[in-house]
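Now for the letters of each chain:
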Amino acid sequence: MDSEMRVHHHLPLLLFCFMIFSCSASSTLPPFACDASHPLTHSLGFCETSLPISHRVGDLISRLTIDEKISQLVVKAPAIARLGIPSYNWWSEALHGIAIMEGGVQFVGDEIEYGLYGVLFNGTIRSATSFPQVILTAASFNPLLWYRIGEAIGTEARGIYNTGQSTGLTFWAPNINIFRDPRWGRGQETPGEDPLVASKYAVSYVRGVQGDSFYGEKSTDGPDHLKASACCKHFTAYDLDNWKNVSRFTFDAKVSLQDLADTYQPPFKSCVEEGRASGIMCSYNKVNGVPTCADFNLLSRTARQKWHFNGYIVSDCDAVAVMYSHHHYSKTPEDAVGSALGAGMDIDCATFLLKYTKSALQRKKLSESDIDRALRNLFSVRMRLGLFNGNNKYLLFGKIGSNQVCSKKHQDLALEAARDGIVLLKNSAKLLPLSHIKTGSLAVIGPNAKTTETLLGNYQGPPCKRISILQALQSYVEDTQYSSGCDEVACKSLDSIDKAVKIAKGTDYVVLIMGLDQTEEAEGHDRLDLILPGQQQTLITRVAKAAKKPVILVLLSGGPLDISFAKRDSNIGSILWAGYPGESGGLAIADVIFGRHNPGGRLPVTWYPQKYTRIPMTDMRMRSDPASDYPGRTYRFYHGQTVFKFGYGLSYSAYSYEFTSVAQNSLFLNRSDIIKASKHSNPSSALYRTEVMGVEFCESLKFSAVVAVQNHGEMAGRHPVLLFVRASDAKPGAASKQLVGFESVHLNVGERAKIEFAVKPCDHLSRTDESGSKVIESGSHFLLAGDAEYKVNVIG
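As the structure is a computational prediction, the values presented were derived from the model and not from experiment. (Residues numbered from 1 in each chain as written. Predicted model: local features only at pLDDT ≥ 70, side-chain atom pairs only at ≥ 80, totals over all residues. Heavy atoms only, no water.)

**Remarks on the environment of Thr-541**
Part 1: Note that Thr-541 resides in helix H18 (residues 536-546).
Part 2: Leave out the neighbours within four places in its chain, and Thr-541 touches Phe-565 and Asp-569. (Helix = DSSP H or I, 4+ residues; strand = E, 2+ residues; numbered from the N terminus. Contact = heavy atoms within 4.5 Å.)

Right under this line is the structure:
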């Protein structure tokens, strides 16, 4: 049906609407569709809640004119007043708490004003719980904690919406890109460098936000209900913003099938298949010559057909325009629109589709069926959110109110998360914890000591409370003196160093609060170096030399730092990494320093030396290449010196490990039936492809490994147990070692606990070949937990 016929078809309805009430865009509409008081509700099929959502969406789309359809393809979807459908803003952020617009983010067009977030803190709710930045939360290696944070964020999102301070419930988080290069300004937003960690984070966070249980069960009220909608981004191989004049708007990521399969794609696959995310965001960059928002194989074949994605796909903001203006992938704006919608993208975070979709339709660059498909996905999510079921106040999630935003429960959770993420990197002669009773005086020095903004990281909202590290330390030691040492994190001058040295000489202990902030690493801003900015190192070493006792160095940063000098300096007794720890980060750091909390965090990224920066950020290869002196990336494939390894982290307690039970020590793959089906093309090799071994056989190989861990220290503490596997004879391209599983356990003094891990040989004892397929080879593999190891033989 063309647009002229459709308008004629709906003319009686339009006239009736005009006679009864105004149909202008300025009409006052409730924040939900299908209002019981609306005179047409009873005759609108999409308002019939007893029907399947697919039927309701089909009815709605059949009632729209082509102009109305196009109007819904952009981030701020206007009201369709004649049908009682309110406006909707698709863009809200909740990376580590409900966020507000980033002041410093720059997009390529004039869309930034148009795309303001759907959440406003301009009413009775003025703040939301600000949890630690994701990179620090990841250091807890605690999926249940990640779920609880997602759950709290989803609840606060509903509370803000129900209070009338939000025009959307679709949140563009989590960021699950792999933290591939330590210079990436947005690495702070991610769960780190390991695909398994990123995958488990994605599943846990999404389930929490959307209202599922920790184990994935849907609400008893039905599988279609969403508390809020989570969106996994940025799909895919996006991990460069602006480095040496290479921009995310022009970057073409050259990625092998091997690296796509075992590094870049697993978090998104898990996010869709296990987390059942209702949103995906395609990224700015190209992958192997094709912009991700125009990649049919990526969006439709992989996400929708192979992974069974059920939700909407949004472009990163201006990404469709970028296909035309920067990538020059499309000759005309209409070509860009046709490529994006034809590939399976549903909505444009900008206004590009609003401007060019109709002309693209007229020029036959796309069909109306592409638009209808997009609308089916978009309206389905809005219906799953309950926004077409009448007054939300009387429905599921309708009772969540402002009292659940910044609740004590959520603020306590923010403190718990910050404490559990902090990583103790050095503690010579057990300098920490300090005794607040025996510490008569304290010097607090550094440009990050007094600020509260730096604690929040990027994509932050107004926090429930603001307490600086200085204020938190003052609560433990009354006689606390302060000097910035240098006025800003860039530390271009040391005008205040004399004061800093003076107070260091005159106090019992010194705490230096150094590191980075959003001027050094942020969206749109990658680092060039891994060393501390400006003259921070000079300030640290001079203060440490002047102090009476070895000093405590606290680092705030999202990315790794080369602090080799501090590792070696005997005047620096303890080092803590605290990421960007959120609204309660100051309290958490003080609690760790004075022993109220036993640190247990472990690094979710490798800390490389400064010489690593000789490698171009644009080189996407994960695996090392000795022939070209390329060292590889992340703990799985990097061959070279490190400052600190992935998974490193000390505690005030000592822990021992023991394999108490492993169900298998030999796996036999030389059965005739699987040899025939699975063996590699070389008949003399004992190498088997897992994809043809089949799910049933792979499942039959699964076995359990039980690790006992005991706390031998004098303090109770939460301790992440990480189980790795390595092959005795790693083949070229295989990982040096690989994370199999992890679990965080709380142990009292002397307590021993047993943790059971499921080892899946087809996943954990395999490697990915150059075609992107998983293969298992005969040979010995070692399970590793702390200093304990257990040998498993694969017999082919």
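**Points about the nonpolar core**
Part 1: Ranked by size, the top nonpolar core spans 120 residues in total, and within it Phe-46, Trp-90, Ile-98, Trp-172, Tyr-312, Met-345 and Phe-388 carry the most contacts.
Part 2: Counting residues per element, this core draws most heavily on helix H6 (residues 143-162), which supplies eight residues.
Part 3: The contact partners of Trp-172, leaving out residues within four places of it in the chain, are Val-75, Trp-90, Trp-91, Ser-92, Glu-93, Cys-231, Lys-233, Met-281, Tyr-312, Val-314, Cys-317 and Cys-349.
Part 4: In terms of nonpolar packing, the next biggest core, distinct from the first, is built from 90 residues, Tyr-238, Ala-443, Ile-540 and Leu-555 among them. (Core = buried A, V, L, I, M, F, W, Y, C linked by side-chain atoms within 4.5 Å. Buried < 20%, exposed > 50% of the residue type's maximum accessible area, 1.4 Å probe, protein only.)

**A closer look at the packing of helix H8 (residues 257-264) against helix H9 (residues 266-273)**
Part 1: H9 packs onto H8 with a crossing angle of 50 degrees between their chain directions and a minimal axis gap of 6 Å. As the angle between them shows, H8 and H9 are arranged oblique. Together, Leu-260, Ala-261, Asp-262, Thr-263 and Tyr-264 of H8 and Pro-266, Pro-267 and Phe-268 of H9 make up the contact between the two elements.
Part 2: Taken together, the residues that form the contact of H8 with H9 break down as six nonpolar, one polar and one charged. (Axes fitted to C-alpha atoms, helices over the stretch in contact; angles between N-to-C directions. Parallel < 35°, antiparallel > 145°, perpendicular 65-115°, else oblique. Nonpolar A, V, L, I, M, F, W, Y, C, P; charged D, E, K, R; others polar.)

**Some words on the pairing of strand S14 (residues 480-483)**
Both faces of the sheet carry side chains from a regular strand, because those side chains alternate between them.
Part 1: Of the pairings in the sheet, the one linking strand S13 (residues 442-445) to S14 comprises four bridges and is parallel in character. The residue of S14 that forms the bridge with Val-444 is Tyr-482.
Part 2: Once the chain exits S13 it traverses helix H16 (residues 469-474) before rejoining the sheet at S14, and the crossover so formed is right-handed. (Pairing = 2+ DSSP bridges. Right-handed = clockwise from strand over helix to strand, strands pointing away.)

**Points about the sheet that holds strand S4 (residues 229-235)**
Part 1: Ordered in space as S3-S4-S8-S11, the four strands form an open sheet in which the pairing is parallel. Of all the strands in the sheet, the pair left with one neighbour each is strand S3 (170-171) and strand S11 (312-315).
Part 2: When S3 meets S4, the two strands line up parallel, connected through two bridges. Of the residues in S4, the one forming a bridge with Phe-171 is Ala-230.

**Section: the sheet that holds strand S24 (residues 752-759)**
Part 1: What the three strands build is an open sheet, ordered S18-S21-S24; its pairing is antiparallel. On the outer flanks of this sheet lie strand S18 (655-662) and S24, each paired with one strand and no other. Put simply, the sheet's adjacent strands are angled 25 degrees from each other on average, direction ignored.
Part 2: In terms of strand pairing, S18 meets strand S21 (residues 703-711) through seven bridges, oriented antiparallel. Paired with Phe-659 across the strands is Val-707, a residue of S21.

**So, the packing of aromatic side chains**
Part 1: Evaluated as defined, the whole model comprises 29 aromatic pairs.
Part 2: For the pair Phe-646 and Phe-724, a centre-to-centre distance of 6.4 Å together with 85 degrees between the ring planes defines the contact as edge-to-face. Remark: Phe-724 occurs in strand S22 (residues 717-727) and Phe-646 occurs in the loop between helix H21 (634-637) and S18; sequence separation between them is 78 residues.
Part 3: Overall, the relative accessible area of 8% leaves Phe-724 in the buried class.
Part 4: Ring geometry for Phe-659 against Tyr-790: centres 6.0 Å apart, planes inclined by 50 degrees, an arrangement best described as tilted. Residue Phe-659 is found in strand S18, and its partner Tyr-790 is found in strand S28 (residues 788-795); the two are separated by 131 residues along the sequence. (Phe/Tyr/Trp six-rings, centres within 6.5 Å; stacked < 30°, edge-to-face > 60°.)

**Here we look at the state of the cysteines**
Part 1: Tallied over the full model, the rule gives seven disulfides.
Part 2: In this model Cys-34 forms its disulfide with Cys-47; the gap between the sulfur atoms is 2.1 Å. Residues Cys-34 and Cys-47 share a disulfide whose torsion about the S-S bond is about -85 degrees; that sign makes it left-handed. Here Cys-47 lies in the loop between helix H2 (11-20) and helix H3 (53-62) and Cys-34 lies in the loop between H2 and H3, a separation of 13 residues in the sequence. Across this residue pair, the class does not change: Cys-34 and Cys-47 are buried.
Part 3: The disulfide that involves Cys-232 links it to Cys-271, with 1.6 Å between the sulfurs. Taking the sign of the S-S torsion, about 45 degrees here, the bridge from Cys-232 to Cys-271 comes out right-handed. Within this pair, whereas Cys-232 is found in strand S4, its partner Cys-271 is found in helix H9, the two being separated by 39 residues in sequence.
Part 4: Residue classification places Cys-232 among the buried positions, given a relative accessible area of 1%. (Disulfide = S-S within 2.5 Å.)

**A few points about the pattern of salt bridges**
Part 1: Applying the stated criterion across every chain yields a total of 35 salt bridges.
Part 2: Put simply, Arg-623 and Asp-262 hold a salt bridge, and the shortest N to O gap is 2.4 Å. Of this pair, Arg-623 sits in the loop between helix H20 (585-593) and H21 while Asp-262 is found in helix H8, placing the two residues 361 residues apart along the sequence. When sorted by exposure, Arg-623 lands in the same class as Asp-262, which is buried.
Part 3: We note a salt bridge from Asp-591 to Arg-419, for which the minimum N-O separation is 2.7 Å. Separated by 172 residues along the polypeptide, Asp-591 in helix H20 and Arg-419 in helix H15 (residues 408-421) bring together distant segments of the chain.
Part 4: Since its relative accessible area comes to 5%, Asp-591 is described here as buried.
Part 5: Exposure remark for Arg-419: the relative accessible area of 18% places this residue in the buried category. (Salt bridge = Lys/Arg side-chain N within 4 Å of Asp/Glu carboxyl O.)

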